[in-house]
Amino acid sequence: MAKRIVILGAGESGTGAAVLAQKKGFETFVSDMSAIKDKYKQMLDERNIRWEEGQHSESLILNADEVIKSPGIPNDAPIILKLKAQGTPVISEIEFAGRYTHAKMICITGSNGKTTTTSLIYHIFKKAGLNVGLAGNIGRSLAYQVAECNFDYYVIELSSFQLDNMYKFHANIAVLMNITPDHLDRYNYEMQNYVDAKFRIIQNQTDDDAFVFWNDDPIIQRELHKYGIHGRYFPFAEKKEEGLAAFTEQDKVCFTRPIAFNMEQEELALTGTHNLFNSMAAGISANIAGIHKECIREALKDFKGVEHRLEKVARVRGVDYINDSKATNVNSCWYALQSMKTKTILILGGKDKGNDYNEIASLVKEKCTGLIFMGLHNEKLHAFFDGFGIPTVDVQSMKDAVNAAYKMARQGETVLLSPCCASFDLFKSYEDRGDQFKECVKNL
């Protein structure tokens, strides 16, 4: 009898897993507590895969031989606890997909910078003419691509939630950008639980594999010795020191190994210190993969950036509007504020994930001339920022936020949407939040 695989969650990840499971001959069933999008229903129906929405029918789920869980479902959800109590394995879509491909895996995680770094690595690999897929938190799901495509390499952005349910999966190149507090609401407000999730990216690495990481991250430095790391180390940092795979010196970015080369810092397509690190991590990963240095240089020069990440929207009456909706935690907002060259009106707020705003306090005092709090519950923002003596406005829609910013901003200033928070109180997603911001700015 065919093994029964149940997939919980029918978004990009879950539907991709279902397509692959059915293709591999499993009895496949998909269950989603919410409504399933039409495009995913169509994909399931075309392949005669059974599904349900708006409920989890225990009689159809608890009889599974294995369950593939969407990263959005917490590990303590009632149905997951029941599955675990009866010993049913619960894995991630990435773990499942990894069983059915021999492609080389380049995996990127970190609290911030992972989408940009993932996109940049993919851009370099594509430019080098490699047969490469983009997966994880961006692009088509890995499982779908393993089922329908035949790539030699996958560049995969991994969240801590995806890493939580990965056990045997093996990254040939693992990239860890940084670790700062994020999603602590999903980790019992225990930072160590979140740190452990991030470090799962190097589990199962062998001596032939590579671990690329930011050398100056205090948490990474503290944790490195705890894990029996087999892969070769490729650390990067801003200042030159012994053993680094990349650093800066006299306005140049220097890559030391496997092949040594350098390029002018001002030639990098992406600006700001955080993007310097993103470019280093991407350059090292491409270097390890054997891509020619000329190609890496060219790709780092002509990369176009990522939507919703410090994205210039427009200049209206001498005021620049920048969409950084992807800043769903405080550290992301810190990077955004740090890169501002002008006085700034900051739009922030949303669903707070246990945020500590002390990290941005000095930058807000130094750079912000106005704060716009956008959310259903702004009490915590007021409690923290009201003592700064900076004008504040409360809004509950993007249109009101942009109109308030338009009134507050003086010529030569910047309006920055960098919310520090998840989007789910007022918006469908951070993309929806950023799209609404761009639309409202264009209507000014």
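In case you missed it, the structure is sitting above this.
So, here is what we can say about the structure in this document. (Residues numbered from 1 in each chain as written. Predicted model: local features only at pLDDT ≥ 70, side-chain atom pairs only at ≥ 80, totals over all residues. Heavy atoms only, no water.)

The subject of this paragraph is the overall build of the chain. Counting secondary structure elements, the chain contains 17 helices and 20 strands. A globule of 444 residues ought to have a C-alpha radius of gyration of about 22 Å, and the chain, at 22 Å, matches this closely. Its C-alpha atoms put the chain at 70 × 50 × 40 Å along the principal axes. Expressed as a percentage of its 444 residues, the buried residues of the chain come to 57%. Within the chain, contacts between residues at least 6 apart in sequence are counted, and of these 66% link residues at least 24 apart. As displayed, the chain has an accessible area near 18900 Å², and 48% of this comes from carbon and sulfur atoms. (Helix = DSSP H or I, 4+ residues; strand = E, 2+ residues; numbered from the N terminus. Rg over C-alpha atoms; globule rule 2.2 N^0.38 Å. Buried < 20%, exposed > 50% of the residue type's maximum accessible area, 1.4 Å probe, protein only. Contact = heavy atoms within 4.5 Å. Areas by Shrake-Rupley, 256 points an atom, 1.4 Å probe, with all protein chains shown as cover.)

The next thing to look at is the sheet that holds strand E14 (residues 261-264). If you walk across this open sheet you meet the nine strands as E7-E8-E6-E9-E10-E11-E12-E13-E14, and the pairing is mixed. Whereas interior strands pair on both sides, the edge strands pair on one side only; in this sheet they are strand E7 (132-136) and E14. Here the average twist between neighbouring strands, direction ignored, is 20 degrees. Sheet topology note: the strand E6 (residues 104-109)/strand E9 (residues 173-176) ladder contains four bridges and is parallel. Bridge assignment links threonine 109 to a residue of E9, and that residue is leucine 176. In the packing of helix H12 (residues 293-302) onto the sheet, the strands contacted are strand E13 (252-255) and E14, and the crossing angle to E14 comes to about 25 degrees. (Pairing = 2+ DSSP bridges. Axes fitted to C-alpha atoms, helices over the stretch in contact; angles between N-to-C directions.)

Quick look at the side chain of serine 70 now. Tracing the sequence through the fold places serine 70 in the loop between strand E4 (66-69) and helix H4 (78-85). The class of serine 70 is buried, set by a relative accessible area of 17%. Once residues lying within four places of it in the same chain are set aside, the contact partners of serine 70 are Leu8 and Gly9.

Here glutamine 221 shows up in helix H10 (residues 218-223). A relative accessible area of 35% places glutamine 221 in the partly exposed class. Along the backbone, glutamine 221 and arginine 297 are 76 residues apart, and their C-alpha atoms lie at a distance of 29 Å. When neighbours within four sequence positions are excluded, glutamine 221 is seen to be in contact with Phe213 and Asn215.

Geometrically, the link from arginine 257 to proline 258 is a cis peptide bond, its omega value of -5 degrees lying close to zero. In this model, aspartate 251 sits at a positive phi of 65 degrees, which is unusual for a non-glycine residue. Its identity is not glycine, yet histidine 308 carries a phi of approximately 70 degrees, on the positive side. Turning to its location among the elements, histidine 308 is positioned in the loop between H12 and strand E15 (311-316). According to the relative accessible area criterion, histidine 308 is buried, its value standing at 3%.

Positionally, glycine 434 belongs in helix H17 (residues 430-442). For glycine 434, a relative accessible area of 0% gives the class buried. When the C-alpha atoms of glycine 434 and aspartate 324 are compared, they prove to be 7.3 Å apart, with 110 residues separating the residues in sequence. In this structure, glycine 434 is in contact with His308, Asn323, Ser325 and Leu417, ignoring residues within four places of it in sequence.

Let's shift gears to the packing of aromatic side chains. Using the criterion set out here, one finds 18 aromatic pairs in the structure. Aromatic side chains phenylalanine 26 and phenylalanine 96 sit 6.1 Å apart centroid to centroid with 55 degrees between the ring planes, which places their arrangement in the tilted category. One end of the pair, phenylalanine 26, is in the loop between helix H1 (12-23) and strand E2 (27-32); the other, phenylalanine 96, is in helix H5 (residues 93-98), with 70 residues separating them in the sequence. Here phenylalanine 26 matches phenylalanine 96 in class, with each residue buried. Geometrically, the ring pair formed by phenylalanine 96 and tyrosine 100 is edge-to-face, given 5.4 Å between the ring centres and 70 degrees between the ring planes. Members of the aromatic cluster, connected to one another through ring pairs, are Tyr357, Phe373, Phe384, Phe385 and Phe388. Above the plane of the ring of tyrosine 144 lies arginine 140, whose end atom (NZ or CZ) is 4.1 Å from the centre. Its end group placed over the ring of phenylalanine 234, arginine 257 keeps NZ or CZ at 4.8 Å from the ring centre. (Phe/Tyr/Trp six-rings, centres within 6.5 Å; stacked < 30°, edge-to-face > 60°. Lys NZ or Arg CZ within 6 Å of the ring centre and 35° of its normal.)

Attention shifts here to H4. Of the positions making up H4, those classed as buried are Ile79, Ile80 and Leu83. For H4, the arc enclosing every buried residue in end-on projection is 100 degrees, short of the 170-degree limit, so these residues lie on one face. In H4, those exposed residues whose orientation departs by more than 90 degrees from the buried face are Pro78 and Ala85. Buried residues along H4 sit against strand E1 (4-8), helix H3 (58-61), E4 and strand E5 (90-92). Trailing H4 by a residue or two, glycine 87 shows a phi angle of about 85 degrees, which is positive. (Arc of directions from axis to C-beta.)

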